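Coordinates in review
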Amino acid sequence: MRIFNNYQPLLIAKHVKTFFKGRLYIHGRGAYHYARGLLIMPEQADDQHRKTVSEINRLINQLNSPQPAA
């Protein structure tokens, strides 16, 4: 289990993408599970939990998409 003391979405997204499956805890936001490189939305989640999962998964998808050459 990885513990993040601060909410840093990009750092968390890179961690989830790299380790693919596991658990993490964000201080002030709670515990999260991830599998297949994405955070899992629990059945009973509050609004803050849903927003966090959506934001992190959106960043992971952006990291996975090919970047155009400059």
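Keep in mind it's a predicted model, so treat the numbers as computed, not measured.

Analysis parameters
Residues numbered from 1 in each chain as written. Predicted model: local features only at pLDDT ≥ 70, side-chain atom pairs only at ≥ 80, totals over all residues. Heavy atoms only, no water. Helix = DSSP H or I, 4+ residues; strand = E, 2+ residues; numbered from the N terminus. Contact = heavy atoms within 4.5 Å. Pairing = 2+ DSSP bridges.

1. Some words on the environment of Ala31
- Among the structural elements, Ala31 can be located in strand E3 (residues 30-35).
- Remark: the alpha-carbon pair of Ala31 and Arg2, spanning 29 residues in sequence, is separated by 9.8 Å.
- Apart from residues no more than four positions distant in its own chain, Ala31 is found in contact with Leu24, Tyr25 and His49.

2. Observations concerning the sheet that holds strand E1 (residues 2-4)
- Taken in spatial order, the 4 strands make up an open sheet running E1-E2-E3-E4, and their pairing is mixed. If you trace the sheet from one side to the other, it starts and ends with E1 and strand E4 (38-39), each paired once.
- Looking at chain direction, E1 and strand E2 (residues 22-26) are connected through 3 bridges and run parallel. Bridge pairing in E2 links Ile3 to Tyr25.

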